[in-house]
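Breakdown of the fold
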Amino acid sequence: MPAFAESTPPGDPKPVKEEEGKYFDAAGVPTYNIKPDGTVDWFTYSGYRRYHAECHVCHGPDGMGSTYAPALIDSVKVMNFDQFSEVVVGGRQNISSGNDKVMPSFGLNKNVMCYLDDVYVYLRARSNDALGRVRPAKRDEKTQGTTDAEKACLGE
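So, here is what we can say about the structure in this document. (Residues numbered from 1 in each chain as written. Predicted model: local features only at pLDDT ≥ 70, side-chain atom pairs only at ≥ 80, totals over all residues. Heavy atoms only, no water.)

Here helix H1 (residues 42-54) spans 18 Å end to end across 13 residues, near enough to the 18 Å set by a 1.5 Å rise per residue. Every buried residue belonging to H1 is among Trp42, Phe43, Thr44, Tyr45, Ser46, Gly47, Tyr48, Arg50 and Tyr51, and all of these are buried. If you follow the buried residues of H1, they end up packed against strand E2 (22-24), helix H2 (56-59), helix H3 (72-78), helix H5 (110-113), helix H6 (116-127) and helix H7 (144-154). Where H1 begins, the side chain of Asp41 points an oxygen toward the backbone nitrogen of Phe43, at a separation of 3.1 Å. (Helix = DSSP H or I, 4+ residues; strand = E, 2+ residues; numbered from the N terminus. Expected span 1.5 Å × (residues − 1). Buried < 20%, exposed > 50% of the residue type's maximum accessible area, 1.4 Å probe, protein only. Contact = heavy atoms within 4.5 Å. Polar contact = N/O pair within 3.5 Å; in protein donor to acceptor, adjacent residues only side chain to side chain.)

What follows deals with the sheet that holds strand E1 (residues 17-19). The strand order across the open sheet built from three strands is E1-E2-E3, with neighbouring strands paired in antiparallel fashion. Every other strand in the sheet has two partners, leaving E1 and strand E3 (30-31) as the edge strands with one partner each. Direction of pairing for E2 relative to E3: antiparallel, over a ladder of two bridges. Across the sheet, Phe24 pairs through a bridge with Pro30, a residue of E3. (Pairing = 2+ DSSP bridges.)

Written as structure tokens, this is what we have:
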């Protein structure tokens, strides 16, 4: 099992900085931005899509957990971004009497790694009850810089 990075829980999710439509909190950690009319930033929307493409099979709909994988909306309340990333990249094994749990490594899966920030901000919004259990109805548009970065990450 990988050793966790610094064990500081995530801080206030309030965005204080924006770059190319991506928001960051006071500690420089990716976060969500949801406008009063319900419009979500592109990365929260993308995180919703990526979570439901790659993660929900084990971790349940909307990050709420299942009988064999924890609720990620609870996990991101106590795991900071570095810890979350470490588990996703390297995987994790919790072996105990009759309750073995294994999280596979997604470090080589570009469909996860190119969108790791997105999944985290989506789960962060869910964990803070800033976003409900539905597909966001309104979203900001993806910037050209985000499109370019995505293509570069995917090798296109």
